[in-house]
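Next come the chains, spelled out residue by residue.
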Amino acid sequence: MGKKILIGVAAVLALLAIVGALLPRNWKVERTIAIAAAPAAIHPWVDDLHRWSEWAAWNKAMDPEVKWVYAGPARGVGASWAWDGPKMGHGKMTIAKSDPEKGVWVDECIEGDEVNAHSALVFTAAEGKTTVTWTDEGTLPPVIGGYFRGFIESMLIEHFDVGLKNLKALAEKGAK
C-alpha cells in the first residue's frame, strides 16, 4: 500500500513538472498614462533611480526591511539600483538607455544575477501632454515559472498603475 502511494505522489509530481514545462513563462505588462507636462519635466523622475522610491510602488512602505544599494553614475546610462528584502525579494535594475525626450530603458536581474527582464518608460509628447507608456517583460524560471506568470502580471499591473499615478502627480506639480 505504501509503495502505491509513493508511486502516486511521484506520478503527480511528474505530471506537474511536465505541465509546468509546457506553460508559457514569458510575461509582458504595459500601462499608460497621460501627464500634463513635457518630457523634460518627467525625465528627471525616471532617469535618477534614487527618485523611484518617491513615485514607484516599490518603496520602504512596501518593505520596511529592504536594503538598497545604488551604484554607477548618479543618473542615466549605467546607474543601477539593487534591492534585497523579505517582501521585495532580490534584484537589480540598470539604466541601459536614457533620452530626455523619449524615455528610459532598464535591464533587470530579478531573483538572480543575470538579466532576465527589460523595462521601459517611453514618452510620447503631443498637444501639451506626454503619454508615458511603462512596459516590462521577462522570462520566469523553467518548470515552475509558468505557474506564476498570471500572478506576476497582476502584481505588476497594480504596481505600475500606482507608480504612474504618483509620477503624474509629481511631474505635473513640478511643471506648474
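Residues numbered from 1 in each chain as written. Predicted model: local features only at pLDDT ≥ 70, side-chain atom pairs only at ≥ 80, totals over all residues. Heavy atoms only, no water.

Enquirer: Sorry, what's going on with the pairing of strand β6 (residues 117-126) here?
Expert: Working note: regular strand, side chains alternate between the two faces of the sheet. As judged from the six bridges shared by strand β5 (residues 103-110) and β6, these two strands associate in the antiparallel manner. Counterpart to V106 in the pairing with β6 is S119. Here β5 folds back onto β6 in antiparallel fashion, the turn holding six residues, of which E111 has a positive phi close to 55°. By the bridge criterion, ten bridges tie β6 to strand β7 (residues 129-139) in an arrangement that is antiparallel. Pairing of A125 across the sheet is with T130, part of β7. Counting the residues that bridge the hairpin from β6 to β7 gives two residues, and of these E127 lies at a positive phi of roughly 55°. (Pairing = 2+ DSSP bridges. Helix = DSSP H or I, 4+ residues; strand = E, 2+ residues; numbered from the N terminus.)

Enquirer: Please explain the pattern of salt bridges as it appears in this structure.
Expert: A side chain of one charge can pair with a side chain of the opposite charge if their charged atoms are brought near each other. Going through the model one piece at a time under the given rule, you end up with four salt bridges. The partner of D47 in a salt bridge is R75, and the shortest N-O contact between them spans 3.1 Å. Of this pair, D47 sits in helix α2 (residues 39-47) while R75 sits in the loop between β2 (67-71) and β3 (80-85), and the two are 28 residues apart along the sequence. On the basis of relative accessibility, which here comes to 6%, the residue D47 falls in the buried class. (Salt bridge = Lys/Arg side-chain N within 4 Å of Asp/Glu carboxyl O. Buried < 20%, exposed > 50% of the residue type's maximum accessible area, 1.4 Å probe, protein only.)

Enquirer: It is not clear to me how the sheet that holds β6 should be interpreted in this structure. Could you clarify?
Expert: Across the sheet, which stays open at both edges, the seven strands sit in the order β1-β7-β6-β5-β4-β3-β2 with antiparallel pairing between neighbours. Edge strands, defined here as strands with exactly one partner in the open sheet, are β1 (26-35) and β2. Recorded for the sheet is a direction-independent mean angle of 15° between the axes of neighbouring strands. The sheet contacts of α2 involve β1, β4 (89-99), β5, β6 and β7, and relative to β6 the element is tilted by about 165°. (Axes fitted to C-alpha atoms, helices over the stretch in contact; angles between N-to-C directions. Contact = heavy atoms within 4.5 Å.)

Enquirer: In this structure, what is going on with the packing of aromatic side chains? I would like to understand it.
Expert: A ring pair, where both rings are aromatic, is described by two values, the distance of the centres and the angle of the planes. Under the criterion given, the structure shown has nine aromatic pairs. Centre to centre, the rings of W58 and W134 are 5.9 Å apart; their planes meet at 90°, and the pair counts as edge-to-face. Taken as a pair, W58 in the loop between α3 (52-55) and β2 and W134 in strand β7 lie far apart in primary sequence, 76 residues in all. The residues W58 and W134 share a single accessibility class, namely buried. Summarising the aromatic geometry, the rings of Y70 and W81 are spaced 6.0 Å apart at their centres and angled 10° between planes, so their arrangement reads as stacked. Residue Y70 is located in strand β2, and its partner W81 is located in strand β3; the two are separated by eleven residues in the primary sequence. On the basis of relative accessible area, W81 is assigned to the buried category, the value being 1%. Connected via pairs of aromatic rings, a cluster forms that spans W52, W55, W58, W134 and F160. In this arrangement the basic side chain of R51 is found over the ring face of W45, its NZ or CZ atom lying 3.7 Å from the centre. (Phe/Tyr/Trp six-rings, centres within 6.5 Å; stacked < 30°, edge-to-face > 60°. Lys NZ or Arg CZ within 6 Å of the ring centre and 35° of its normal.)

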